[in-house]
Amino acid sequence: MVTRIALVLLFRNFIIAELRDRNIQWQIPIGIIQDRRDEVTFTGFYYSVQILKQIETQTFELHTPVEYVDKSDSYKLAQAICTSMSNGVFALFGTKSYRSQDILTSYSDKFHMPYITISSILESTQGKYEVHMKPPLTRILRDLIFAKKWKNIFYVYDSDAGLMRYQELRELLLQNNTDQPVHIKIRRIQNIKQAHDDLKSLDSQELRSTTKQILIDLESEESYAVILQQIREVGMNKQNYSYILATQVRETSKIVN
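Given the structure is predicted, the values throughout are model-derived calculations rather than measurements.

K.L.:
Kindly report on the nonpolar core, identifying the contributing residues and their values.
P.N.:
The biggest cluster of nonpolar side chains holds 33 residues, and the ones touching the most others in it are Ile 145, Ile 214, Leu 215, Ile 216, Ile 227 and Met 236. Here Leu 215 is in contact with Leu 141, Ile 145, Trp 150, Ile 153, Phe 154, Tyr 155, Val 156, Leu 169, Ile 244 and Ala 246, once residues within four sequence places are set aside. Counting 11 residues, the second largest nonpolar core, distinct from the first, contains Val 69, Leu 77, Ala 80 and Leu 92.

Dropping the structure here:
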């Protein structure tokens, strides 16, 4: 077995050296499934592709055919996946949401097509052939709650995806902390731009002398900016308030101060 592996590696190195000597590049097609609303999200990916092309010693080149689609439309999303696979792509790259996860996982598993995503999705919904570039968010939230020793939490969310993360987080907390359970009160924000009354109602549920432990899980980075501004406006940014933001973008933390 070891001999076979050595021969394969030797053959691979020979081919790469031969291609480099002849100035030949392999072209590797990676299908991009992009919602037009995700243009900012894909900026980093396209920048990395351009940097890769500038490496003179690189023996392969990424070809990135793009299929633009509204990922909330399951039929059009399925069409885009099929069109991309018909072009002979090695893998698919894109985002994943609560609405699109079933279609993407089904096609990826059915056709053994790797799907590389920059989204942080529920661990329980990850397919066999999916590669997540972000760690499972619910496990991070669980560890933060344990590290901060929070026992009574307000969970504020604004989408079905947030509700699913809450349910998965609750199961993780029960599995790992049965002796001293964490109590969570949930509240869904219906209109993120007018959440003052929701915040005041949440604030009135506890005595003002106690520390409020609030976990905020929102659908977009813009929503965090909006809700944090309203937190300041209703006076919930004082010393006796503690927050966890369910996002991996550091810039949002600047708004709290």
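K.L.:
Lay out helix H8 (residues 221-233) in plain terms, naming residues and giving numbers.
P.N.:
Here H8 contains 13 residues, and its C-alpha end-to-end distance of 19 Å stays within 8% of the 18 Å for a straight helix at 1.5 Å per residue. Where H8 is concerned, the buried positions are Ser 223, Tyr 224, Ile 227, Leu 228, Gln 230 and Ile 231. The buried residues of H8 occupy an angular sector of 160° when the element is viewed end-on, so they sit on one face. With its phi angle positive at about 80°, Gly 235 sits one or two positions after the end of H8.

K.L.:
Tell me about the packing of aromatic side chains, residues and numbers included.
P.N.:
Scanning all chains against the criterion turns up three aromatic pairs. Ring centres of Tyr 155 and Tyr 157 lie 6.4 Å apart, and the angle between their planes is 55°; on these two criteria the pair is classed as tilted. In this structure Tyr 155 comes out as buried when scored by relative accessible area, which is 1%. Ring-pair connections join several aromatic residues into one group, and the members of that group are Tyr 155, Tyr 157 and Tyr 166.

K.L.:
Which residues make up the environment of Leu 218, and what values go with them?
P.N.:
Topologically, Leu 218 is positioned in the loop between strand S9 (212-217) and H8. A relative accessible area of 5% places Leu 218 in the buried class. Residue contacts for Leu 218: discarding those within four places in its chain leaves Tyr 157, Asp 158, Arg 165, Ile 192, Ser 223, Tyr 224 and Ile 227.

K.L.:
So, the pattern of salt bridges: which residues are in play, and what are the values?
P.N.:
Counted according to the given criterion, the structure contains five salt bridges. One salt bridge in this structure joins Arg 188 and Asp 160, with 2.9 Å as the shortest N-O distance. Of this pair, Arg 188 sits in strand S8 (residues 183-188) while Asp 160 sits in helix H6 (residues 160-176), placing them 28 residues apart in sequence. Among the residues examined, Arg 188 registers a relative accessible area of 29% and is labelled partly exposed. Exposure remark for Asp 160: the relative accessible area of 35% places this residue in the partly exposed category.

Conventions and cut-offs
- Residues numbered from 1 in each chain as written.
- Predicted model: local features only at pLDDT ≥ 70, side-chain atom pairs only at ≥ 80, totals over all residues.
- Heavy atoms only, no water.
- Core = buried A, V, L, I, M, F, W, Y, C linked by side-chain atoms within 4.5 Å.
- Buried < 20%, exposed > 50% of the residue type's maximum accessible area, 1.4 Å probe, protein only.
- Contact = heavy atoms within 4.5 Å.
- Helix = DSSP H or I, 4+ residues; strand = E, 2+ residues; numbered from the N terminus.
- Expected span 1.5 Å × (residues − 1).
- Arc of directions from axis to C-beta.
- Phe/Tyr/Trp six-rings, centres within 6.5 Å; stacked < 30°, edge-to-face > 60°.
- Salt bridge = Lys/Arg side-chain N within 4 Å of Asp/Glu carboxyl O.

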